[in-house]
There are 2 protein chains.
Amino acid sequence: MPTLRIDNAEIITMNGEMGVESGWTLLAVDGEITYVGPVGDAPALEVDELVDGSDCLLLPGFVNAHTHAAMTLFRGNADDMELQPWLEEKIWPVEATLTEDDVYWGAMLGCVEMLRAGVTCFADMYHMPEVGTRASIDAGIRARPSGVLLGLLPNAGDMLAKAEVFCRDHDEAGDGLIKPMLAPHAPYTCPEEMLRQVIGVAGDLGVPIHIHMAETDDNVQWSLENYGARPAEAMKQVGLFDVPVLAAHCVHLDEADIAIMADEAIGVAHCPGSNLKLASGIAPVAAMLAAGVQVGLGTDGCGSNNNLDLLQEALLAALVAKVQTGDPTAVPAAAALRMATLGGAEAVFLADRIGSLEVGKRADCILVDLTAPHMYPRHNLVSDVVYSAQSADVRATIVDGCVLVRDGEFTQLDEAEVMEKACESAARLFG
Amino acid sequence: MPTLRIDNAEIITMNGEMGVESGWTLLAVDGEITYVGPVGDAPALEVDELVDGSDCLLLPGFVNAHTHAAMTLFRGNADDMELQPWLEEKIWPVEATLTEDDVYWGAMLGCVEMLRAGVTCFADMYHMPEVGTRASIDAGIRARPSGVLLGLLPNAGDMLAKAEVFCRDHDEAGDGLIKPMLAPHAPYTCPEEMLRQVIGVAGDLGVPIHIHMAETDDNVQWSLENYGARPAEAMKQVGLFDVPVLAAHCVHLDEADIAIMADEAIGVAHCPGSNLKLASGIAPVAAMLAAGVQVGLGTDGCGSNNNLDLLQEALLAALVAKVQTGDPTAVPAAAALRMATLGGAEAVFLADRIGSLEVGKRADCILVDLTAPHMYPRHNLVSDVVYSAQSADVRATIVDGCVLVRDGEFTQLDEAEVMEKACESAARLFG
């Protein structure tokens, strides 16, 4: 039974009150945390992998609750554009020519970037999910993958049938790293009949649904025109919330919407970077948190962010909430850090496995280097991580007890090959 | 004559149209750029310092147009608070006990952080400016330092007299790195009579004025009540704009204000991170740029940011402008990068010396590493730098032709000592 031990780090477990523990150690056996507490009380185990956390902060790994990992290939290809011409001229024509190789290496580049940035789990929505999932398993990262169900296409039924097979075939794949989802793209792209079919399949399979919701004011207007109700109420009427739902964006919510999201235990992927860049708006996160909504953070895809840096999203989440509410006490650093970790685990319905460092959960964790000048004089490590750190400060990334990044370098993965192959794909696609 | 040569980098000169040049080289003799162009046409010079820019992007150094460098000591000490209790309970009582050592090592920590992050010049406003200036000279960074003139204090006259001496004594100090300014803190802390005295001294000395302006809506209300005019108009009436003025923040401006700022050639330090964190608002940067205002970027102090990462400010500037205007094409990446470099040089009235890589200017420049996963597949380097890079990607920082940071390490400065001394000061101040 491979045993991992992490010594000498400051630790934020994210279990209960947010405090920083010194002189603690963490033990994991077969990828499961078996001890986290004072070093003196730790059981004596033969350790296969010892990680020295000196001058580092040990945190649960970041959860990227909404992305399209293979879209790293699109990074920087078309920025500062209106949404519709961007989609119609820059995204969709290229996506129509994607090969399996493109999706694999695009997703792999995304996984490499995320692991370096301390992301240990991500909820993905993209075409050819079996290919992206192969990449994430090869990279060793935890994922909740899904294809994209577009109900307006003539082959929508086939897509759903394939998605069902994908979910069945990949549940607990990668030694348990993979838990699939079903992803109807959005209410405005999936007619009611299609949604009802997806809900039925999700219920049968016992998998959550991942969907874009209320990203833009146009989405809300569309819902009012087509359902006579705002998105949350409309989706409730359709029965979407009869299964667990991860709703991405949720920018344009009113009080009644927020009450529905809380009552129905919806997971929300707040994507402040993408919402700012596309000028979609600022999601009412302070109000959602106050209402008890399970809010995590997402980067969205690299077409609209342009990176997969979840720590940057935590900063943005804390900052934009303040200016939105006019209240500098809104979404304090601790709330932002919670969203980046345990909140994300809740939002993607994996909080029983990950999101905090406690006995019985999987050992998904990261070490953040505290020695850069911007991390001094260390009055408050929670504040320092959220407001001052950058993802390059992540020194080690551990998923399921496996040390994937150590001292800032990949232990197994050939990073140079990933970059080279991704560039080849990008060159061919955009050539 | 020490000669520096930088080869093999991609280059954005920021001179004219923003393009990326390949196969160029840069030469500097005695700190002055003597050649930037195709490598084949470069004059043959004996080179004392050769920098290999392979896999890097060469840019003009970032200009931090508004900060309080010594306040790194306050980083993380008090976040997520209302402005007044923050100042009255957390900042002012501690500032009253600052020693010269505290200011020196606080400023030095700020300089170290800025140099690592590619900031080659900063406009500073803080107590004991002669001490902070000593730190910046020791660090080798370019600066426009100023003390803080508080007109409401009984010793305001003495402060101005000392500031005048500071300006006279430090003009072109540090072999030309230092160009002082005079800093009346803000209209609401400097009565009209005091402002007129400061303007007179600034005119006599030929130094610009650095002032906080229209940071909060309260500031605007105060101006309306006390001057019967909004801040820009009020300051125009007082005669402030008879000398060059660097105005920090400028969050709450209407169209008439913006017209005044443009007409009077005011330099603006846009500080989006601080303005978001303190819930001050979002400055109308797109409108300012459209009107021709000289806008640079500032981090503000570490009490309200909490870092000195100007590249993060460039990202924030681009993002918040879009959501503020509802226009995803507002403040595109190129505009943000310009504000971080040449725009900042204009705003601090040093564009004749720095801000772009052209013959006759000082060799203040940085190399940004392009090899991190988040910098692939490199469709557009301007976009990649603004929307995806992080300041840890800065590999080399060169000021006045001196390579201060090379391969991510300081060439001369003892970084560990700086961190240790800054922590000692912080421990004593807050202990």
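Each value, and the rule that gives it
- Residues numbered from 1 in each chain as written.
- Chains lettered and ligands numbered in written order.
- Predicted model: local features only at pLDDT ≥ 70, side-chain atom pairs only at ≥ 80, totals over all residues.
- Heavy atoms only, no water.
- Helix = DSSP H or I, 4+ residues; strand = E, 2+ residues; numbered from the N terminus.
- Expected span 1.5 Å × (residues − 1).
- Buried < 20%, exposed > 50% of the residue type's maximum accessible area, 1.4 Å probe, protein only.
- Polar contact = N/O pair within 3.5 Å; in protein donor to acceptor, adjacent residues only side chain to side chain.
- Salt bridge = Lys/Arg side-chain N within 4 Å of Asp/Glu carboxyl O.
- 1 Å grid on protein atoms, 1.4 Å probe; cavity = no way out; pocket = protein on both sides within 12 Å on 5 of 7 lines; lining within 4 Å.
- Points joined across faces, edges and corners; volume = space filled by probe spheres on them.
- Nonpolar A, V, L, I, M, F, W, Y, C, P; charged D, E, K, R; others polar.
- Pairing = 2+ DSSP bridges.
- Core = buried A, V, L, I, M, F, W, Y, C linked by side-chain atoms within 4.5 Å.
- Contact = heavy atoms within 4.5 Å.
- Axes fitted to C-alpha atoms, helices over the stretch in contact; angles between N-to-C directions.
- Parallel < 35°, antiparallel > 145°, perpendicular 65-115°, else oblique.
- Left-handed = near helix turned anticlockwise from the far one by under 90°.
- Buried area = accessible area lost by both parts, 1.4 Å probe.
- Least-squares fit on C-alpha atoms with pLDDT ≥ 70 in both.
- Domains from an automatic or database assignment.

Trainee: So what exactly am I meant to see when it comes to helix H12 (residues 310-325) of chain B here?
Mentor: Note on helix geometry: an α-helix contains 3.6 residues per turn, so any two residues three or four positions apart are oriented the same way. All names here are of chain B. Spanning 16 residues, H12 covers 22 Å between terminal C-alpha atoms, matching the ideal 22 Å at 1.5 Å per step. In terms of residue burial, H12 counts as a mostly covered element, since 14 of its 16 residues are buried. N-cap assignment for H12: the residue whose side-chain oxygen lies 3.2 Å from the backbone N of Leu-311 is Asp-309. Of the residues trailing H12, Gly-326 is marked for its positive phi of about 70°.

Trainee: I keep staring at the pattern of salt bridges and nothing clicks. Help me out?
Mentor: As a working rule, side chains carrying opposite charge can pair if their charged atoms are close by. Counted under the stated rule, the structure contains 40 salt bridges over all chains. The salt bridge partner of Arg-362 of chain A is Asp-400 of chain A, with a shortest N-O separation of 2.8 Å. Pair noted here: Arg-362 of chain A is in the loop between helix H13 (333-347) and strand S14 (365-369) and Asp-400 of chain A is in the loop between strand S15 (394-399) and strand S16 (402-406), with a separation of 38 residues, a long-range link. With a closest N to O distance of 2.6 Å, Arg-116 of chain B and Glu-415 of chain B form a salt bridge. Residue Arg-116 of chain B is located in helix H2 (residues 100-116), and its partner Glu-415 of chain B is located in helix H15 (residues 415-430); the two are separated by 299 residues in the primary sequence.

Trainee: Can you help me understand empty space enclosed by the protein in this one?
Mentor: Rolled over the atoms, a probe as big as a water molecule pinpoints where empty space is left. Summed over all chains, the structure comprises eight cavities of 30 Å³ or more. Here the largest cavity is characterised by a volume of approximately 140 Å³. Lining the largest cavity are 15 residues; nearest its centre among them are Gln-312 and Gln-390 of chain A together with Asp-309, Gln-312 and Gln-390 of chain B. Among the secondary structure elements, those contributing two or more residues to the lining of the largest cavity are helix H12 (310-325) of chain A together with H12 of chain B. Classifying every residue of the lining of the largest cavity by side-chain character gives seven nonpolar, six polar and two charged. What lines the second largest cavity is a set of 16 residues, among which Asp-124, Pro-129, Gly-132, Thr-133 and Pro-145 of chain B lie closest to the centre.

Trainee: What exactly am I supposed to notice about the sheet that holds S16 of chain A here?
Mentor: The strands making up a sheet associate through hydrogen bonds between their backbones, and the pairing can be parallel or antiparallel. Residues and elements named next belong to chain A. Taken in spatial order, the six strands of this open sheet run S2-S6-S14-S15-S16-S17, and their pairing is mixed. Bordering the open sheet on either side are strand S2 (10-11) and strand S17 (409-410), each of which pairs with just one other strand. Where strand S6 (residues 56-60) meets S14, five bridges bridge the pair, whose relative direction is antiparallel. Residue Leu-58 lies in a different strand from S14, and its bridge partner there is Leu-367.

Trainee: It is not clear to me how the nonpolar core should be interpreted in this structure. Could you clarify?
Mentor: Side chains of nonpolar character tend, in soluble globular proteins, to be buried together. Core analysis: the biggest nonpolar cluster contains 257 residues, and Leu-182, Ile-209 and Met-261 of chain A together with Leu-182, Ile-209 and Met-261 of chain B have the highest contact counts within it. What Met-261 of chain A contacts, discounting residues up to four positions off in sequence, is Met-213, Ala-232, Ala-247, Cys-250, Leu-253, Ile-266, Val-268 and Val-293 of chain A.

Trainee: What's the story with the packing of H2 of chain B against H15 of chain B in this structure? I'm lost.
Mentor: Residue and element names in this part refer to chain B. Closest axis-to-axis distance for the H2/H15 pair is 9 Å, and the angle between their directions is 135°. Classified by the interaxial angle, the pair formed by H2 and H15 is oblique. Crossing handedness for the pair H2 and H15: left-handed. For the pair H2 and H15, contact is made by Asp-101, Asp-102, Trp-105, Met-108, Leu-109, Val-112 and Arg-116 and by Glu-415, Glu-417, Val-418, Met-419, Lys-421, Ala-422, Ser-425, Arg-428 and Leu-429, respectively. Residue composition of the contact of H2 with H15, by class: eight nonpolar, one polar and seven charged.

Trainee: Any chance you could explain the interface of chain B and chain A here in plain terms?
Mentor: A common way to state how big an interface is: give the accessible area lost once the parts meet. Contacts between the two partners involve 57 residues from chain B, matched on the other side by 58 residues from chain A. Summed over the three residues of chain B that lose the most area to chain A, namely Asp-80, Pro-373 and His-379 of chain B, the buried surface amounts to 15% of that side. Scanning the region where chain B abuts chain A turns up two salt bridges. The salt bridge partner of Asp-80 of chain A is Lys-322 of chain B, with a shortest N-O separation of 3.1 Å. On inspection of chain B and its partner chain A, the count reaches 27 residue pairs in polar contact (both at pLDDT 80 or more). Put simply, the parts of the chain that give the side of chain B that touches chain A at least two residues each are H2, helix H10 (272-277), H12, helix H14 (381-388) and H15 of chain B. By residue number, the principal contributor to the side of chain B that touches chain A is H12 of chain B, which donates six residues. Grouping the amino acids of the side of chain B that touches chain A by side-chain chemistry returns 26 nonpolar, 19 polar and twelve charged.

Trainee: Which parts of the structure should I look at to understand the relation of the copies chain B and chain A?
Mentor: Relating the two copies of this chain is a rotation about some axis coupled with a shift parallel to it. You can overlay chain B on chain A at an RMSD of 0.0 Å; the transform is a turn of 180° with a shift of 0.0 Å along its axis. Taken together, these values place the two copies in the relation of a two-fold axis. Closest approach to the rotation axis among the C-alpha atoms of chain B is made by Ala-392 of chain B, whose C-alpha sits 3.2 Å away. When the interface residues of chain B are mapped onto chain A, 100% of them again fall at the interface, so both copies present the same face.

Trainee: Is there a simple way to think about the domain arrangement of chain A in this case?
Mentor: Residues and elements named next belong to chain A. Looking at chain A, the domain boundaries give domain 1 (3-61 + 360-410) and domain 2 (62-347). With centres defined by C-alpha atoms, the gap from domain 1 to domain 2 works out at 28 Å. Across the interface of domain 1 and domain 2, roughly 2200 Å² is buried in total on both sides, 68% from carbon and sulfur atoms. Of all residues in domain 1, Val-386, Tyr-387 and Phe-410 bury the most surface against domain 2, accounting for 26% of the area lost on that side. If you look at where domain 1 meets domain 2, you find three salt bridges. For the salt bridge of Asp-364 with Arg-142, the shortest nitrogen-to-oxygen distance reads 2.7 Å. In this assembly, domain 1 and domain 2 are joined by six residue pairs in polar contact (both at pLDDT 80 or more). Elements with a minimum of two residues in the side of domain 1 that touches domain 2: S6, S14, helix H14 (381-388), S15, S16 and S17. Partitioned by chemical class, the residues of the side of domain 1 that touches domain 2 number 18 nonpolar, six polar and five charged.

Trainee: Which parts of the structure should I look at to understand the sheet that holds strand S5 (residues 49-52) of chain A?
Mentor: Residue and element names in this part refer to chain A. The strand order across the open sheet formed by four strands is S4-S3-S1-S5, and the pairing between neighbours is mixed. If you trace the sheet from one side to the other, it starts and ends with strand S4 (32-38) and S5, each paired once. Each strand axis lies, on average, 15° off the axis of its neighbour in the sheet, ignoring direction. Pairing analysis gives six bridges linking strand S3 (residues 24-29) to S4, with the strands arranged antiparallel. Its bridge partner lying in S4, Leu-27 is registered against Tyr-35.

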